[in-house]
Amino acid sequence: MKELTAIIIGAGARGQIYAHQMKAHGGFKVVGVADPIELQRNDIKNLYNLSEEACFDSWEDILAQPKMADIAVIATVDKYHYLPAMAAIEKGYDLLLEKPVAPTAKECADIANAAKEKGCKILVCHVLRYTPFFMKIKELISNGAIGKVLSVHHCECVGHLHYAHSFVRGNFGNTADSSCMLLAKSCHDIDILQWLVGSECEKVSSFGTLSHFTKENAPQGAPEYCIEGCPHEKECHYSALKAYYNPDEKSWFKSKEAGAAALKVECNEEDVKKALSTTQFGKCIYKCNNDVVDHQVVNIEFTNGAVASFNMSAFNHHGRFIRVMGTEGEIYGDIDADLVKYFSFKTCEHEIIHPANMAVDSAMRGGHAGGDKGIIQTLYKYLVEGYDGELLSEIGISVYNHLITFAAEESRLSGRIVEMKEFTEKYLK
Ligand SMILES: NC(=O)c1ccc[n+]([C@@H]2O[C@H](COP(=O)([O-])OP(=O)(O)OC[C@H]3O[C@@H](n4cnc5c(N)ncnc54)[C@H](O)[C@@H]3O)[C@@H](O)[C@H]2O)c1
């Protein structure tokens, strides 16, 4: 098996996942890591037996070295994708680039344009494409099972606890610090819609607001930090103590260890309590510095006449549902239930499919419904075997789909319908 070498830039949750998936896949060797937090770096350092010299404090330091590997994995937070990506392209690395490509349309386009100029291969981490669930739906559509796709309805249920952790208290709650909600969370879904319909986009509109997680909704007498004896702590769904300090199976983190890891501290009472009294993760959920929307809809008209509607909301348990309607049948899918239901107009019968159980490739299961494994498998095929099939979330198409996301956000803010041709012409060479 040919071996590809890689460096990991940003050794947080995603950087570590890719390092582990690469190890499990084989054919990859991580030879360097960069992250300012030693605790984060150590996971990858230990996994690959790296020397101190192969560990760096920042992307600037690792990319100041002569080119060390075939691939740079960029897994820093959203606003720190652009500079390391541009520097890595300049150095001649191929990239596994976390989504979103970058927080602004111009930066996304710069990266796509630079990659084109330098002949650099970039796979963007649209992991949903690589799940057995969406691969099955795409395969049915590509095989003509439902004729021409004319309408798609897709719903992303972020989950109230996931939303509270990541999009109120966490890295992705504030637009200026990261990016708008649609880009941070749902650029995957806009990518999936364009990929399934298989057409360019004509027009986009969107509505949505931040309605619930606001200062006005803080219960009377709630202190700044939940740990300061909040009188509503017991009944509050979003108590930081329930989430991180005393987590049980109902918390998103389920164990004290996972709660402490989310706070990026060692799992001991003193460190966890300190984080809960001083960081945003301990704050009253209604008193954070978040401004991203908690519910949003997007409507898309495609050039081939198909239309799609997308609904993102924080107010649910979790999951994604999709209904794809074509001239010869329909497909309904529920990713959490591992259920794809195909109805044919010809037979008037349903076929029930459980994609992850189909044993197409049992190795596809794992994080993100199998998507994390799937993208590493595809990265290997892309770089070693020259794969260029319909699965590829390669930079050109990914940036086009990001531009649909930016156009939707422009529509939400301006109240206007955005014409895509005009919008993309401003950015893409
Ligand atoms: N593909 C997906 O489905 C998916 C899922 C979740 C997150 N993401 C994306 O992955 C990215 C990382 O998210 P995460 O949850 O792993 O965040 P994280 O905070 O866990 O990890 C980011 C890491 O970058 C490090 N870092 C900060 N400054 C740095 C620097 N100058 N040089 C090198 N490293 C630096 C941080 O210390 C941290 O360890 C984000 O862009 C996020 O949107 C993608």
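Above this text you will find the structure in question.
Parameters at a glance
Residues numbered from 1 in each chain as written. Predicted model: local features only at pLDDT ≥ 70, side-chain atom pairs only at ≥ 80, totals over all residues. Heavy atoms only, no water. Helix = DSSP H or I, 4+ residues; strand = E, 2+ residues; numbered from the N terminus. Rg over C-alpha atoms; globule rule 2.2 N^0.38 Å. Buried < 20%, exposed > 50% of the residue type's maximum accessible area, 1.4 Å probe, protein only. Contact = heavy atoms within 4.5 Å. Core = buried A, V, L, I, M, F, W, Y, C linked by side-chain atoms within 4.5 Å. Patch = residues over 30% accessible without salt bridge, like charges linked within 9 Å, V, L, I, M, F, W, Y side chains within 5 Å. Areas by Shrake-Rupley, 256 points an atom, 1.4 Å probe, with all protein chains shown as cover. Salt bridge = Lys/Arg side-chain N within 4 Å of Asp/Glu carboxyl O. Lys, Arg positive; Asp, Glu negative; His and termini not counted. Charge placed at Lys NZ, Arg CZ, Asp CG, Glu CD. Near = heavy atom within 4 Å. Polar contact = N/O pair within 3.5 Å; in protein donor to acceptor, adjacent residues only side chain to side chain. Phe/Tyr/Trp six-rings, centres within 6.5 Å; stacked < 30°, edge-to-face > 60°. 1 Å grid on protein atoms, 1.4 Å probe; cavity = no way out; pocket = protein on both sides within 12 Å on 5 of 7 lines; lining within 4 Å. Points joined across faces, edges and corners; volume = space filled by probe spheres on them. Nonpolar A, V, L, I, M, F, W, Y, C, P; charged D, E, K, R; others polar.

Notes on the overall build of the protein
Phase 1 of the analysis: Within the protein, the secondary structure is distributed over 15 helices and 15 strands.
Phase 2 of the analysis: A compact globule built from 429 residues should have a C-alpha radius of gyration of about 22 Å, and the protein, at 22 Å, falls within 12% of that.
Phase 3 of the analysis: Taken over the C-alpha atoms alone, the protein extends approximately 65 × 55 × 45 Å along its principal axes.
Phase 4 of the analysis: Evaluated residue by residue, the protein yields a buried proportion of 55% over its 429 residues.
Phase 5 of the analysis: Counting contacts in the protein only where the partners sit at least 6 residues apart, residues at least 24 apart contribute 70% of the total.

A closer look at the nonpolar core
Phase 1 of the analysis: Of all hydrophobic cores here, the largest spans 125 residues; its most connected members are Ile 111, Ile 122, Ile 137, Val 324 and Ile 395.
Phase 2 of the analysis: At eight residues, the largest contribution of residues to this core is made by helix α14 (residues 395-414).
Phase 3 of the analysis: Setting aside residues no more than four positions away along its own chain, Ile 111 makes contact with Tyr 82, Ala 85, Met 86, Ile 89, Leu 97, Val 101, Ala 102, Ile 122 and Ile 395.
Phase 4 of the analysis: With 13 residues, the next largest nonpolar core counts Leu 241, Tyr 244, Ala 260 and Leu 263 among its residues.

Remarks on a negative patch on the surface
Phase 1 of the analysis: A surface patch of negative charge is lined by Glu 200, Glu 202, Glu 301, Glu 419 and Glu 422.
Phase 2 of the analysis: You can see Glu 419 is positioned in strand β15 (residues 418-419).
Phase 3 of the analysis: Under the relative-accessibility criterion, Glu 419 is labelled partly exposed at 37%.

Here we look at the environment of Gly 374
Phase 1 of the analysis: The residue Gly 374 is located in helix α13 (residues 371-384) in this model.
Phase 2 of the analysis: Placed 245 residues apart in sequence, Gly 374 and Arg 129 show a C-alpha to C-alpha distance of 8.5 Å.

Focus: unusual backbone geometry
Apart from glycine, the bulk of residues carry a negative phi angle, and the bulk of peptide bonds sit in the trans form.
Phase 1 of the analysis: With an omega of -10°, the peptide bond running from Lys 99 to Pro 100 counts as cis.
Phase 2 of the analysis: For Pro 100, the location among the structural elements is in the loop between β5 (94-97) and α5 (105-118).
Phase 3 of the analysis: In the Ramachandran plot, Lys 254 falls in the positive-phi region, its phi being about 70° despite a non-glycine side chain.
Phase 4 of the analysis: Structurally, Lys 254 is set in the loop between α10 (240-245) and α11 (256-262).
Phase 5 of the analysis: Its identity as a non-glycine residue notwithstanding, Asp 338 has a phi of 50°, on the positive side.
Phase 6 of the analysis: Here Asp 338 is to be found in the loop between β12 (329-334) and β13 (339-344).

A closer look at the pattern of salt bridges
Phase 1 of the analysis: With the rule as written, the count across this model stands at 19 salt bridges.
Phase 2 of the analysis: Across the pair Arg 416 and Glu 410 runs a salt bridge whose closest N-O atoms are separated by 3.2 Å.
Phase 3 of the analysis: Among the residues examined, Glu 410 registers a relative accessible area of 26% and is labelled partly exposed.
Phase 4 of the analysis: Between Glu 425 and Lys 421 there is a salt bridge, and its shortest N-O distance comes to 3.1 Å. In this pair, Glu 425 and Lys 421 are both assigned in helix α15 (residues 420-425), four residues apart and thus about one turn of the helix distant.
Phase 5 of the analysis: Classification of Lys 421 as exposed rests on a relative accessible area of 61%.
Phase 6 of the analysis: Salt bridges linked by common partners bring Glu 156, Lys 185, Asp 189 and Arg 320 together as one network.

Things to note about the site of the ligand
Phase 1 of the analysis: Around the ligand sit 29 residues, and of these Arg 14, Asp 35, Trp 59, Asp 78 and His 81 come closest.
Phase 2 of the analysis: The contact in question runs from an oxygen atom of the ligand to an N or O atom on the side chain of Asp 78, over 2.6 Å.
Phase 3 of the analysis: Backbone polar atom of Cys 125 to a nitrogen atom of the ligand: 3.1 Å apart, as the coordinates give it.
Phase 4 of the analysis: Considered on its own, the ligand offers 860 Å² of accessible surface; in the complex 87% of this is hidden by protein.

Comments concerning the packing of aromatic side chains
Phase 1 of the analysis: For the structure on display, the rule yields 13 aromatic pairs.
Phase 2 of the analysis: Between Phe 133 and Phe 134, the ring centres sit 4.8 Å apart and the planes meet at 85°, which makes this aromatic pair edge-to-face. Each of the two residues, Phe 133 as well as Phe 134, counts as buried.
Phase 3 of the analysis: Plain terms: the ring middles of Phe 167 and Phe 172 are 5.9 Å apart, the flat faces sit at 40° to each other, and that makes the pair tilted.
Phase 4 of the analysis: Joined through ring pairs, the aromatic side chains of Tyr 163, Phe 167, Phe 172, Phe 213, Tyr 238, Tyr 286 and Phe 315 make up one cluster.

A word on empty space enclosed by the protein
Phase 1 of the analysis: In this structure the tally under the stated criterion is one cavity of 30 Å³ or more.
Phase 2 of the analysis: Roughly 90 Å³ of volume is contained in the largest cavity.
Phase 3 of the analysis: Taken together, 13 residues line the largest cavity, and the ones lying closest to its centre are Ala 222, Cys 226, Cys 230, Cys 236 and Cys 284.
Phase 4 of the analysis: Taken together, the residues that form the lining of the largest cavity break down as ten nonpolar, two polar and one charged.

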